[in-house]
Structures are given as C-alpha cells and as structure tokens.
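Residue-level structure breakdown
Listed below, chain by chain, are the residues.
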Amino acid sequence: MKKVSRSKVVYTFSPRHNPAERVKAGEEILLELEDAFGGQVKDEKTAIENLDWTKVNGVTGPVFIEDAEPGDTLAVQIVDVKLANRGVIAVIPKQGVLKDRPFKAKVKVVPISGGYVHFGKAKVKVNPMIGTIGVAPENGEHPTGTLGRHGGNMDVKEITRGATLYLPVFAKGALFAAGDLHAVQADGEACVSAVEVSGEVTLTFNILKGKNVSWPILETKDCYAVLTCGDSLDEACSWAVEEVVKALMQEHKWSFEEAYMFTSLVVDLKINQVVDPKKGVRAVIPKKYVSIESFCHAGFRH
Ligand code: CA
C-alpha cells in the first residue's frame, strides 16, 4: 500500500502544491496524520499561547488522484482510522462558545485505551474522526483552518471509518489532503478543541466522471448529509436545505414547493461546529429518499 508520511504536510488547500503521492481510483493509500497542534504539546505544562501557530492544523498530502478533473466528484472512502494512545484537549482564552467569559489557557493530556478516552474519572467512547479533509479549492488558496465548498476544517463527527465523503473536484488530480484527527468530538466542538490526536488513515478514492456536487456530501450507513458553512448558522442552514431541496426535486420530479415541504418531514439539521468564523452544519436525509446522483449536476453549478 502507498503511504504518505506525516512529514509531507501543508497548511493550505491549494492547486499550487506539488503532490506528495499519486494514486489511481480504487487504490488504497495510508496517510500518517500529526495532531492539530503539530505535535507541539508535549505535556500539560506546555503554554498553549506560545505554540508556533504557523505549524497548527497541518494536513498530510496532497494526494494526486489520476483522472480526477475539474467538474468531477471525488468519492473518498474512509477504510480505517487508527489513533495514537494519547490525545490533547485545550481551552484558549477568547476562543469557543464561551469566548466572552474570563478563563485561563489550559492543556489536558488524556490517555486513550481500551476504546475509551479517559478524562479524569470519566471515560468517553472513542469515535475516531477526520476534522480537516478536502481538495484544492475553486479559487486561490484556503488556509487549512477554514472550510468551504472544497471541504477543509469541517469538524464533522460522522467523517469516520466506513463513511464516504463526496467532494467537488476543482483542480486536476483533485489534490486531496487530510489532518486534524479527533479521538472524539461532539457536535458544536464547544470549547474550540476536540481530543486532538495523531494517527493514520487508510483511504480509497473513486471518481464520478462529469458529475459535480456543489458542497461536500457525506454518505453513512443509512443517510446522506450535505455539509455546508456560512457566516452564521442561518446562512449555513439555508445552503444545506437548498441543496437537499434541489436533490429531492431531481430525484422525485417534485416541484420546489413539494420538495421544500418534504424537507420538514425527514431532514435533520445538525450543527457540526460553531467555533470557527464560518459555522458548519449538516442536513441529514435517509438514503431511501434520495440517491447520490441526485446531488450531482453536469458541470459546475452553484
Ligand atoms: Ca478542527
């Protein structure tokens, strides 16, 4: 299996990066991922405010996928996720949902063993997930701390083993990269950090030729989820619901009004994260009501 070392790290999603590796559709590849702090937190005495912030939220890659062209969709299958045996959680003043409250910077190092994160006497079942995952964007370079139609720092707790993420391809070869592994994170990521952890992910890629999703779409066992973002949760929700309405219209040949009604019945709106300047949500719909093809369009369409 091809392997990309954690030393092959970039801090932007960009069409200008040289590929770290090339794969064909269907070929497995393993990416080693450093934790979101770039491995700089050695122990609980580490002063979080003194980290080198240019070395934070790196992504391993990019991986060039042969035959992926602008206007296609890249299907990323998450075959496996393996975690290191320690994770790091941090609170940082002026960050997170309670950023207006006074509190001190603090780092906590937590052991991960037996399928659990051990937080003092409390234990939390691990759900290994990829926080930052995406491709070269449509325009310019996007820092890996941000998110958009190309993916990025989406922090979706369902991007985990067994899921498939569909991403729009904007650059030749897609230039895929991933990082920011979490041992566990709840919807919202309230304090700004999850259990940040290093590890490795095994992936395969497929290409939906000539079919274009407008936003990342996540496929889980039973559902599709449209992953959107906006300057507010309201804006993010409107993008997400609109995308589902369009897919339902295409799938069932319904009018806008009928499809809009149906979203109220079966589509759950869930928060991904509210701690980045761009808020992220997902609109979740059972697969029995819509196919991935109905989320795809010929050529570019926003
Ligand atoms: Ca993140």
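Residues numbered from 1 in each chain as written. Predicted model: local features only at pLDDT ≥ 70, side-chain atom pairs only at ≥ 80, totals over all residues. Heavy atoms only, no water.

**Observations regarding the domain arrangement of the protein chain**
This is how the line gets drawn: By convention here, the domain bounds are inherited from an automatic or database domain assignment. The contact criterion used is simple: two residues touch if any of their non-hydrogen atoms lie within 4.5 Å. Two parts placed together each lose some accessible area; with a 1.4 Å probe, that loss summed over both constitutes the buried area. In what follows, salt bridge is the name for a side-chain nitrogen of Lys or Arg lying within 4 Å of a carboxyl oxygen of Asp or Glu. Contacts described as polar in this section are N or O atom pairs within 3.5 Å, which, within protein, must combine one atom able to donate a hydrogen with one able to accept it, while residues neighboring in sequence count only if both atoms come from side chains. Note on conventions: DSSP H or I runs of at least 4 residues are helices, E runs of at least 2 residues are strands, and numbering of each starts at the N terminus. All residues other than Ala, Val, Leu, Ile, Met, Phe, Trp, Tyr, Cys, Pro, Asp, Glu, Lys and Arg, Gly among them, are scored as polar; the first ten of these are nonpolar and the last four charged.
The assigned domain composition of the protein chain is domain 1 (2-213) and domain 2 (217-298). Computed from C-alpha coordinates alone, the two centres of domain 1 and domain 2 are separated by 22 Å. Of the residues lining the interface, 29 residues belong to domain 1; the matching set on domain 2 comes to 24 residues. Across the domain 1 to domain 2 interface the summed buried area is about 2,100 Å²; carbon plus sulfur atoms make up 59%. For domain 1, the biggest contributors to the area lost against domain 2 are Leu147, Glu158 and Tyr166; these three give 26% of the whole. Summed over the shared surface of domain 1 and domain 2, the number is 2 salt bridges. With a closest N to O distance of 3.0 Å, arginine 282 and aspartate 187 form a salt bridge. One can count 8 residue pairs in polar contact (both at pLDDT 80 or more) joining domain 1 with domain 2. Among the elements of the structure, strand S14 (147-148), strand S16 (164-168) and strand S19 (211-212) are those that each provide at least two residues to the side of domain 1 that touches domain 2. Here the side of domain 1 that touches domain 2 gets 3 residues from one element, more than from any other, and that element is S16. Partitioned by chemical class, the residues of the side of domain 1 that touches domain 2 number 13 nonpolar, 9 polar and 7 charged.

**Overview of the sheet that holds strand S9 (residues 106-113)**
Counted only if it meets this: Only strands joined by at least two bridges in the DSSP assignment are considered to pair. Axes here refer to lines fitted to C-alpha atoms; in helices the fit is confined to the stretch in contact. Angles between the N-to-C directions go from 0 to 180 degrees.
Strand order across the open sheet formed by 4 strands is S8-S9-S10-S11, with antiparallel pairing between neighbours. Each edge of the open sheet is held by one strand with a lone partner, namely strand S8 (86-91) and strand S11 (122-125). The mean inter-strand angle of the sheet, taken between neighbouring strand axes irrespective of direction, is 30°. Two elements, strand S10 (residues 116-119) and S11, share 4 bridges in a ladder whose sense is antiparallel. Opposite tyrosine 116, over in S11, you have lysine 125 as the bridge partner.

**Points about the pattern of salt bridges**
Applying the stated criterion to the full structure yields 17 salt bridges. For arginine 22, the salt bridge is made with glutamate 66, and the minimal N-O distance between the two is 3.9 Å. Pair noted here: arginine 22 is in strand S4 (residues 21-23) and glutamate 66 is in the loop between strand S6 (59-65) and strand S7 (73-83), with a separation of 44 residues, a long-range link. If you follow the salt bridges from partner to partner, you end up with Lys3, Arg6, Glu32 and Glu34 in one network.

**Examining the packing of aromatic side chains**
Heads up, the rule is: Each Phe, Tyr or Trp ring, with Trp reduced to its six-membered ring, pairs with another whose centre is within 6.5 Å; inter-plane angles below 30 degrees give stacked pairs, above 60 give edge-to-face pairs, and intermediate values give tilted ones. Placement of a positive charge over a ring is assigned whenever Lys NZ or Arg CZ falls within 6 Å of the ring centre and within 35 degrees of the normal to the ring plane.
Here the structure, examined in full by the defined rule, presents 6 aromatic pairs. Ring geometry for phenylalanine 262 against tyrosine 289: centres 5.1 Å apart, planes inclined by 80°, an arrangement best described as edge-to-face. Separated by 27 residues along the polypeptide, phenylalanine 262 in helix H2 (residues 256-266) and tyrosine 289 in the loop between strand S23 (279-286) and strand S24 (297-298) bring together distant segments of the chain. Ring-pair connections join several aromatic residues into one group, and the members of that group are Trp254, Phe262 and Tyr289. Over the face of the ring belonging to phenylalanine 119 we find lysine 108, whose NZ or CZ atom lies 4.8 Å from the ring centre. Between the NZ or CZ atom of lysine 123 and the centre of the ring of tyrosine 116, over which it lies, the distance is 4.4 Å.

**A look at helix H1 (residues 233-252)**
Short version of the rule: To estimate the expected span of a helix, subtract one from its residue number and multiply by 1.5 Å. Exposure classes here rest on a 1.4 Å probe applied to the protein chains alone. A residue is buried below 20% of its type maximum, exposed above 50%, and partly exposed in between.
For H1, spanning 20 residues, the distance from its first C-alpha to its last is 28 Å, which sits close to the expected 28 Å at 1.5 Å a residue. Along H1, the positions that sit buried rather than exposed are Ala236, Ala240, Val241, Glu243, Val244, Val245, Ala247 and Leu248. Phi turns positive, to about 55°, at lysine 253, one or two residues after H1.

**Section: empty space enclosed by the protein**
Inclusion rule: Here a cavity is any set of points on a 1 Å grid over the protein atoms alone where a 1.4 Å probe fits but cannot get out, and a pocket is any open set with protein on both sides within 12 Å along at least 5 of 7 lines; a residue lines the site when it has an atom within 4 Å of a point. Grid points are joined across faces, edges and corners, and a volume is the space filled by probe spheres set on the points.
This model, assessed by the stated rule, comprises 2 cavities of 30 Å³ or more. By volume, the largest cavity is sized at about 40 Å³. In terms of lining, the largest cavity is formed by Leu147, Gly148, Met154, Val156, Leu227, Thr228, Cys229, Asn272 and Gly280. Contributing elements (two or more residues each) for the lining of the largest cavity: S14 and strand S21 (223-230). When residues of the lining of the largest cavity are assigned to their parent elements, the largest contribution, 3 residues, is made by S21. In terms of residue class, the lining of the largest cavity is built from 5 nonpolar, 4 polar and no charged. Formed jointly, the lining of the largest cavity draws a minimum of three residues from each of two domains, domain 1 (2-213) and domain 2 (217-298). The calculated volume of the second largest cavity comes to roughly 30 Å³.

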